[in-house]
Amino acid sequence: MSTSKNIQFSPEALELCQKIMRRYPQGKHKSAILPILHIAQAESNGWLSPEVMDYVAGILRIQPIEVYEVASFYSMFNLKPVGKCVIEVCRTGPCWLLGAEDLVRFIEKKLGIKEGQTTPDGMFTLKTVECLASCGTAPMMQIGETYHENLTFDKCGKILDEYKGKGELVTHWKKEKVKNHSDIKQ
Amino acid sequence: MGRQLLINDLDKPGIQTLEGYKACGGYTALDKALKMKPEEIVEEVKKSGLRGRGGAGFPTGMKWSFIAKPPGVPRYLVCNADESEPGTFKDRFLMEKKPHILIEGMIISSFALGANVSYIYIRGEMMYVFHILEKAIQEAYDAGLLGKNIMGSGFDHDLYVHCGAGAYICGEETALIESLEGKRGNPRIKPPFPAVKGVWDCPTVVNNVETIAAVVPITTMGGDEYAKIGIGKSTGTKLISASGHINKPGVYEIELGVPVEEFIYSDKYCGGIRNGKKMKAVVAGGSSVPVLPTDLILKTAKGEPRLMTYESLADGGFQTGTMLGSGGFIVMDEDTSIVKNLWNFTRFYHHESCGQCSPCREGTGWMEKILHKFLDGHASMSDIDLLWDIQGKIEGKTICPLGEAAAWPVAAAIRHFRSEFEEYVKSGKNMKDVKHYYRLNNLETA
Ligand SMILES: Cc1cc2nc3c(=O)[nH]c(=O)nc-3n(C[C@H](O)[C@H](O)[C@H](O)COP(=O)(O)O)c2cc1C
Ligand code: SF4
Ligand code: FES
């Protein structure tokens with residue numbers, strides 16, 4: 001077990017975690033683990049270190065192993081450091097039929113990295129993922145919560161340039177939405 | 001005729017909001033339902049003939065009537081919004097465009113089942129839809145449509161959205177329940193079925209997004225009226241996600257019974273094959289269902305036109321038929337390599353196998369490896385039989401149907417496209433000579 005002493009989520013994030021835990025019956029708050037791990041990624045540069053997972057175990061009042069075994073099962077959780085933007089290109093059937101493979105090669109060439117790698121400047125990580133329920137607008141990729149659909153090389157290149165220009169951390173559960181969670185009341 | 005009951009009114013201003021939805025008659029079904037007895041709603045759903053839209057097509061009314069009712073034990077409704085079956089994107093479309101129809105359906109269905117708390121389990125990748133639903137649910141709370149004593153009926157109900165984190169298997173209902181409990185998504189051995197022992201060991205009904213949304217028009221029009229739409233046991237409308245090499249990919253709401261040929265070629269739906277190509281094959285119900293070549297998808301083996309119904313698509317069994325499944329309709333043109341597409345699907349199932357059962361965990365891995373041998377030009381003729389053998393040893397021998405979902409596409413590809421596997425073997429290492437191997441998708445000009 002590692003030490004989570006150095007980890008501290010923002011007060012807003014902690015409040016959000018507590019809100020979510022109240023959505024499940026008394027004593028069943030472990031159910032909140034997946035949403036909380038998403039929040040944890042937003043609070044921790046997009047990935048879950050053992051220290052962050054231990055900290056989450058503390059919030060949920062469960063054993064660290066219970067967090068590790070869950071975090072390692074689900075593909076959206078990064079257990080190694082990632083770039084500020086994780087590019088997730090769909091590589092499954094319908095997207096592949098419409099050029100996903102070529103799109104991955106294009107991004108690899110543009111960024112000078114291979115699938116699974118991070119650019120030296122720490123801006124992008126390239127991942128391939130399974131069908132994102134966007135097959136009618138193939139090929140597509142996801143960055144954070146945003147779906148980028150009907151991609152061509154040109155369109156994809158411009159989108160990546162935009163993210164690079166902003167240089168911000170992008171996570172599935174957006175950092176702004178962790179900070180301001182007025183949409184989650186109950 | 002083409003009646004639309006679910007994705008109608010999408011052009012109306014503010015249909016995403018409570019106000020806009022109400023302006024189009026939203027929440028009148030809830031008002032009606034709350035004045036009925038719960039059993040009466042279950043009865044209407046039975047009469048409607050509605051079948052689960054998540055893939056298995058199990059009659060919804062019957063499923064509801066199985067729910068155990070031990071006194072003092074809470075019951076739960078869980079909406080399956082995990083939509084991950086390759087080729088399927090209708091639930092995302094519906095939730096994004098018209099979130100309130102799902103919320104209204106959830107309240108009516110929960111009332112019918114006697115559930116005071118319900119959850120929508122949405123896949124984590126759809127995080128932006130998660131926030132759309134949160135907002136819509138908040139609107140419903142603010143308007144007194146959720147919470148205590150809904151519309152003065154005395155019925156209390158709390159509805160929450162729960163997000164997953166990337167795992168196809170969590171669409172399987174018992175894996176979804178495990179995941180909702182905060183665990184790895186390992187499917188449970190059945191029985192006990194969720195209707196008896198579901199989430200937190202309480203009686204639970206899991207239904208697909210579209211199934212729950214369909215309860216709204218059924219409540220409004222009555223089960224008998226709904227059952228008049230469609231053909232035979234395929235009643236009502238169905239959302240079809242159309243993708244692949246067609247001119248007009250997208251989500252279409254059809255009255256069950258539209259001829260497949262019309263669905264593919266008419267401008268009202270898919271608008272024919274892209275770039276003037278010919279069609280080669282169709283996967284009609286999401287990646288798990290058997291692929292059919294053009295002649296068999298347009299006509300049954302008996303020569304009758306194939307219709308978009310549960311029965312017609314299944315006509316001929318797996319020898320010559322397929323399944324409506326989730327309605328993920330993937331069209332492939334003449335340049336598509338069936339072998340490579342199959343490799344892609346098999347790779348998917350191998351990746352998504354939860355690993356509890358050896359036939360699924362090992363079998364999907366072996367099938368992926370062998371298919372890769374074909375693509376690399378190292379396969380021999382006996383590998384075709386080996387693939388056939390492996391798929392047969394998975395089917396029916398696993399805890400959950402992911403095993404079958406992985407086996408069926410392999411069996412169907414060999415059954416209908418054996419010569420293509422042979423072509424790969426004959427061409428050997430000279431794969432560039434195989435015209436199907438390199439498909440060039442010119443995304444620069446797309
Ligand atoms: C591997 C696997 C994945 C599944 N994925 C989904 C899914 O994403 N969405 C869904 O509604 N049903 C899915 N199902 C079917 C569910 O287990 C279940 O039958 C369905 O949610 C029941 O709802 P319905 O009766 O309304 O269709 C899947 C089943 C299996 C075996
Ligand atoms: S069939 Fe596959 S996915 Fe289903 S329980 Fe077994 S190993 Fe897991
Ligand atoms: S195959 Fe890419 S979104 Fe479905």
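Located above this text is the structure these notes cover.
Summary of the structure given here. Note that this is a predicted model, so its numbers are computed, not measured.

## Thoughts on the pattern of salt bridges
The full count for this structure, using the stated rule, is 44 salt bridges over all chains. As a salt-bridge pair, Lys164(A) and Asp121(A) come within 2.9 Å of each other at their nearest N and O atoms. Of this pair, Lys164(A) sits in helix α7 (residues 153-166) while Asp121(A) sits in the loop between α6 (100-111) and β2 (124-129), and the two are 43 residues apart along the sequence. One salt-bridge network, held together by shared partners, links Arg53(B), Lys90(B), Asp91(B), Glu210(B) and Lys238(B).

## Regarding the layout of surface pockets
Residues and elements named next belong to chain B. In this structure, the largest pocket occupies an estimated 1300 Å³ of space. Along the walls of the largest pocket sit 46 residues, with Gly54, Gly55, Ala56, Gly171 and Glu172 positioned nearest its centre. Of all elements in the fold, only α5 (90-97), β4 (204-208) and α18 (402-427) reach the threshold of two or more residues within the lining of the largest pocket. Broken down by element, the lining of the largest pocket gets its largest block of residues, five residues, from β4.

## Comments concerning the sheet that holds strand β3 (residues 141-143) of chain A
Residues and elements named next belong to chain A. Taking strand neighbours across the sheet as the criterion, the four strands line up as β2-β1-β3-β4 in an open arrangement whose pairing is mixed. Either end of the sheet is taken by a strand with one partner, and the two such strands are β2 and β4 (146-148). Adjacent strand axes in the sheet meet at a mean angle of 25° when their direction is disregarded. Summarising the sheet, strand β1 (residues 85-90) and β3 pair through three bridges and their orientation is antiparallel. Along β3, the bridge assignment pairs Ile87 with Ile143.

## Details of the site of ligand 2
Taken together, 13 residues lie near ligand 2, and Cys354(B), Gln356(B), Cys357(B), Cys360(B) and Cys400(B) sit nearest. Taken together, the residues of the shell around ligand 2 sort by class into eight nonpolar, five polar and no charged.

## Examining the site of ligand 1
All names here are of chain B. Around ligand 1 lies a shell of 18 residues, among which Gly54, Asn80, Asn207, Asn208 and Thr211 are the nearest. In this structure, an oxygen atom belonging to ligand 1 sits 3.3 Å away from a main-chain N or O atom of Arg53. Backbone polar atom of Glu173 to an oxygen atom of ligand 1: 3.0 Å apart, as the coordinates give it. The pocket occupied by ligand 1, as judged from atoms lying within 2 Å of grid points, is the largest pocket. Counting residues per element, the shell around ligand 1 draws most heavily on β4, at three residues. Of the residues assigned to the shell around ligand 1, the class counts are four nonpolar, eight polar and six charged.

## Some thoughts on the interface of chain A and chain B
The interface is formed by 52 residues belonging to chain A together with 66 residues belonging to chain B. Of the roughly 5000 Å² buried between chain A and chain B on both sides combined, carbon and sulfur atoms contribute 60%. When residues of chain A are sorted by the area they lose upon contact with chain B, Arg23(A), Phe73(A) and Leu97(A) head the list and together hold 14% of the total. Between the two partners, chain A and chain B, sit four salt bridges.

## Some points on the packing of aromatic side chains
Any two aromatic rings considered together are summarised by their centre-to-centre distance and by the angle between their planes. Evaluation of the coordinates by the stated rule reveals 24 aromatic pairs over all chains. Relative to Phe263(B), the ring of Tyr252(B) has its centre 5.9 Å away and its plane inclined at 85°; by these criteria the two rings are edge-to-face. Here the residue Tyr252(B) occupies a position in strand β8 (residues 250-255), and Phe263(B) occupies one in helix α11 (residues 260-265), the gap between them amounting to 11 residues. Overall, the relative accessible area of 0% leaves Phe263(B) in the buried class. On the numbers, 5.5 Å between centres and 85° between planes, the contact of Phe374(B) with Phe421(B) is edge-to-face. On the criterion of sequence distance, the pair formed by Phe374(B) in helix α16 (residues 358-376) and Phe421(B) in helix α18 is long-range, its members being 47 residues apart. Here Phe374(B) and Phe421(B) have matching classes, each one buried. Through a chain of ring-to-ring contacts, the aromatic side chains of Tyr24(A), Tyr76(B), Tyr119(B), Tyr160(B) and Trp200(B) assemble into a single cluster. Arg51(B) extends its terminal NZ or CZ atom over the ring of Tyr310(B), reaching a point 4.0 Å from the ring centre.

## Remarks on the pairing of β4(B)
Residue and element names in this part refer to chain B. The element β4 is extensively covered by neighbouring structure, given that five of its five residues are classed as buried. Here five bridges tie strand β1 (residues 76-81) to β4, and the two strands are oriented parallel to one another. Paired with Val78 across the bridge in β4 is Val206.

## What to know about a nonpolar patch on the surface
A cluster of nonpolar side chains, contributed by Phe58(B), Met62(B) and Phe66(B), occupies part of the molecular surface with about 290 Å² of accessible area. Within the element layout of this structure, Phe58(B) appears in the loop between α3 (38-48) and α4 (60-65).

Calculation criteria
Sequence order sets the numbering: in each chain, residues are counted from 1 along the sequence as written. To label them, take the chains in the order written and letter them from A, then take the ligands in the order written and number them from 1. Residue-level local features of this predicted model are given only where pLDDT is at least 70; pairs of side-chain atoms are given and counted only at 80 or more, and the full residue set underlies all totals for whole chains, interfaces and linings. The basis for every side-chain value is the complete set of non-hydrogen atoms in the structure, without hydrogens or water. Any carboxyl oxygen of Asp or Glu that lies within 4 Å of a side-chain nitrogen of Lys or Arg is treated as forming a salt bridge with it. Where helices and strands are cited, they refer to DSSP runs of H or I of at least four residues and of E of at least two residues respectively, numbered from the N terminus. As defined here, a cavity is a set of points on a 1 Å grid over the protein atoms alone where a 1.4 Å probe fits but cannot get out. A pocket is an open set with protein on both sides within 12 Å along at least five of seven lines, and residues line them when an atom is within 4 Å of a point. Grid points are joined across faces, edges and corners, and a volume is the space filled by probe spheres set on the points. Between any two strands, at least two bridges found by DSSP are needed for them to pair. Fitted lines through C-alpha atoms give the axes, limited to the stretch in contact for helices. The angle between two N-to-C directions lies from 0 to 180 degrees. Any residue with at least one heavy atom within 4 Å of a molecule or strand is counted as near it. Note on residue categories: nonpolar means Ala, Val, Leu, Ile, Met, Phe, Trp, Tyr, Cys or Pro, charged means Asp, Glu, Lys or Arg, and polar means any other residue, Gly included. Pairs of N or O atoms within 3.5 Å make up the polar contacts considered here, provided that, within protein, one atom can donate a hydrogen while the other can accept it, and that residues adjacent in sequence are counted only when both atoms are side-chain atoms. The rule for placing a molecule in a cavity or pocket is simple: more than half of its atoms must lie within 2 Å of the grid points. The contact criterion used is simple: two residues touch if any of their non-hydrogen atoms lie within 4.5 Å. Two parts placed together each lose some accessible area; with a 1.4 Å probe, that loss summed over both constitutes the buried area. Any two rings among Phe, Tyr and Trp, with Trp reduced to its six-membered ring, count as a pair given centres within 6.5 Å; such a pair is stacked if its planes are under 30 degrees apart, edge-to-face if over 60, and tilted if neither. Under the scheme applied here, a residue whose accessible area is under 20% of the maximum for its type counts as buried, over 50% as exposed, and between as partly exposed, the area being computed with a 1.4 Å probe on protein chains only. A ring has a charge above it when a Lys NZ or an Arg CZ is no more than 6 Å from the ring centre and no more than 35 degrees off the ring normal. Two distance rules govern patches: like charges are joined within 9 Å, and nonpolar side chains (Val, Leu, Ile, Met, Phe, Trp, Tyr) within 5 Å, applied only to residues with over 30% relative accessible area and no salt bridge. All accessible-area figures derive from a Shrake-Rupley calculation using a 1.4 Å probe, and residue coverage is judged against the displayed protein chains alone.

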